[in-house]
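Examining the three-dimensional arrangement
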Number of protein chains: 2
Amino acid sequence: MTEWSGFLVHNLSMSQAFTVHDIARLAGVSAMTVSRALNHPERVSPALLAQVLEVVRRTGFVPNGMAGGLRSSRARLVAAVLPTLVGPVFQETIQSLNQTLDAHGYQLMIGQSGYNESREDALLDAIIRRRPDGIVLTGIMHSAAGRRQLLASGIPVVETWDLTPTPIDMLVGFSNEEIGASACAYLQQRGYRRPALICGGDERAQRRAAGFQRMARTLGWEAELPVYLAPAPATLASGRAGLSDLLARASGIDAVFCSSDMLALGVLIEAQARGLAVPQQLAIVGLGDLEFAASLQPALTTVRIDGTRIGQTAAHYIIDRAEGHAIAQPIVDIGFTIVERATA
Amino acid sequence: MTEWSGFLVHNLSMSQAFTVHDIARLAGVSAMTVSRALNHPERVSPALLAQVLEVVRRTGFVPNGMAGGLRSSRARLVAAVLPTLVGPVFQETIQSLNQTLDAHGYQLMIGQSGYNESREDALLDAIIRRRPDGIVLTGIMHSAAGRRQLLASGIPVVETWDLTPTPIDMLVGFSNEEIGASACAYLQQRGYRRPALICGGDERAQRRAAGFQRMARTLGWEAELPVYLAPAPATLASGRAGLSDLLARASGIDAVFCSSDMLALGVLIEAQARGLAVPQQLAIVGLGDLEFAASLQPALTTVRIDGTRIGQTAAHYIIDRAEGHAIAQPIVDIGFTIVERATA
DNA sequence: CTGAAAGCGCTAACAC
DNA sequence: GTGTTAGCGCTTTCAG
């Protein structure tokens, strides 16, 4: 008793973490029994188990996962790479990824690449070093060095939020081009004739814009639609600025397709501030179906992407792989839907 | 050449990661030289360095950080615990934490505790296992088991977004009680006499509400102000629902203090939908000064917390500790300001 | 059910 | 400037 508390105080003052051997000594057992008590309690006799757990509790011991992971080569860690934490666009995906992994005993680690290829490579290196059980990429990996490292590492990889004919490994996404094209067709069918675009600075947003333009040409509209390029990350302020700019530059605009709901909210507020009736004088279509979209006044028409499904699917792909199962359908297009509400 | 590519293919097909020894063999040097080439290139002769790096490049080799970290006991990793990724309240903090750490070669790992003490303990365990160089907590740690483990691990800890007389280690925060009291005094001074509260479900929000109530009593207002408790996470929809509920339950409300800007946006939209003039008929004060607050119409009056400073300070505390420096001022109250705009 | 030995992949410490 | 040896803390494997 006194010996223990003495040990504890000494240890704390040194800021030295305990090891299984310390715990073993204090509990009068071998290191192996400590390890088993923590990882396979059913394989240890109740008496020893109680002794060990009591010492663990008293000392606040937490085993060193680097050592365990090194030996067992299972980190119980999944890494996700996001362009940004600021935009709420990926929240649903992250949320469900986290939940699903957590339910299976995996921890999620999030890294921010900042829409920048060299930062992404550095981040990827830091991630691969930790030998996670899987890596979830937001968007597809373009850098040749990154692809090579990912391939060489043998770590399961899921690319998301996009499609490519040449995925590194597994893929759960949708066609950004198609989204743009569908949004354009939707506006045409609703009777709008002079759409403009407010488009984020990232590559996926630009492919959506390209799809929109392509469809506009197919429909026989003028070759170049007015576009406002908003710097990443997409903000409400950019949306307001974007509409002001478009209105000043082009005449007769009757609809705006925004590459995020936050931009769309900015457009809505700017329109209201200018006394433009939505959707009579200006239609607005957003993207993301963020939490607030349905609660706006008027409610926002937007492109919905099932982020929850992306996250769940990615998590299951990785868990299945980690447990040695084969993935039946490692490439899936989950599509999207246009949620028709009041703004378009 | 053929030998290399043969090796490469073989290796890939086995999905077996390379080790420093593989690279050493392929480059015709010792494992130590590979390690040095990667970590201290200046200590290796240019000729060998080039040889090694070429093999590393060809193979896509990334060293195993668990092994390195185990040996050198520096993980170059900092972990942060957030209640939720959904609310945008902590984004500024995370953003600056990430940036500052990144600039110093540390990686940030984010875990989500979900406003739940037992989840928080499990997450903490997973984090301590990885022996990060520091842990940033959002809010203060209450669980005795968690405190003990943190203390025993010897890992530098920074608690944030709150104050406590008994921090585990370092602290950078502000008084939630004071925020509530100041918001109340502010409204009183602006001539409002019948305020209500919309308050998130987490503990910090409730302490803000308590501070508000305390000040209301000091000012001689009625004992119990009307309160709407919004479930976490705070959403725009909760804000709308909250105002509707308050208006139905209490009469004469002329101001609302919300525990997040997102709730405040909901209140604003609900007020506009009901034709209530803001701030003439209803004043609104938010919290967070999120990106959109200044761009709303009318612009939102809100309590600003310098999240960037919290993140930077926390990062520097941890980096300094990791490099063995003592922290001069390990507990700091960064305060808050009320940003006076158009809604109150 | 429990323990002893060996080794995961890397790098600190020490030779040369 | 380069190589050799040893060991970080844990868990797999094998013996008792």
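Residues numbered from 1 in each chain as written. Chains lettered and ligands numbered in written order. Predicted model: local features only at pLDDT ≥ 70, side-chain atom pairs only at ≥ 80, totals over all residues. Heavy atoms only, no water.

As annotated in an unreviewed UniProt entry, chain A carries the name LacI family DNA-binding transcriptional regulator and comes from Polaromonas jejuensis.

1. Focus: the overall build of chain A
Check the secondary structure of chain A and you find 13 helices and 12 strands. Over its C-alpha trace chain A gives a radius of gyration of 26 Å, far above what one expects of a compact globule, namely 20 Å for 344 residues. Referenced to the eigenvectors of the C-alpha coordinate spread, the extents of chain A come out at roughly 85 × 40 × 35 Å. Across the 344 residues of chain A, 55% fall into the buried class. Taking as baseline every contact in chain A between residues at least 6 positions apart, the subset at least 24 positions apart corresponds to 68%. Of the roughly 13,800 Å² of accessible surface on chain A, a fraction of 53% belongs to carbon and sulfur atoms. Positive and negative side-chain charges of chain A, numbering 29 and 31 respectively, have mean locations separated by a distance of 4 Å. (Helix = DSSP H or I, 4+ residues; strand = E, 2+ residues; numbered from the N terminus. Rg over C-alpha atoms; globule rule 2.2 N^0.38 Å. Buried < 20%, exposed > 50% of the residue type's maximum accessible area, 1.4 Å probe, protein only. Contact = heavy atoms within 4.5 Å. Areas by Shrake-Rupley, 256 points an atom, 1.4 Å probe, with all protein chains shown as cover. Lys, Arg positive; Asp, Glu negative; His and termini not counted. Charge placed at Lys NZ, Arg CZ, Asp CG, Glu CD.)

2. Section: the pairing of strand 3 (residues 134-138) of chain A
Residues and elements named next belong to chain A. The buried count for strand 3 comes to five of five residues, which makes it a mostly enclosed element. The side-chain alternation of strand 3 yields two buried faces, one formed by G134, V136 and T138 and the other by I135 and L137. Inspection of the sheet shows strand 1 (residues 77-82) paired to strand 3 by four bridges, in the parallel sense. Within strand 3, the residue paired with A79 across the bridge is I135. Looking at chain direction, strand 3 and strand 4 (residues 157-160) are connected through four bridges and run parallel. Opposite I135, over in strand 4, you have V157 as the bridge partner. Between strand 3 and its parallel partner strand 4, the chain crosses via helix 8 (residues 144-153), and the hand of that crossover is right-handed. (Pairing = 2+ DSSP bridges. Right-handed = clockwise from strand over helix to strand, strands pointing away.)

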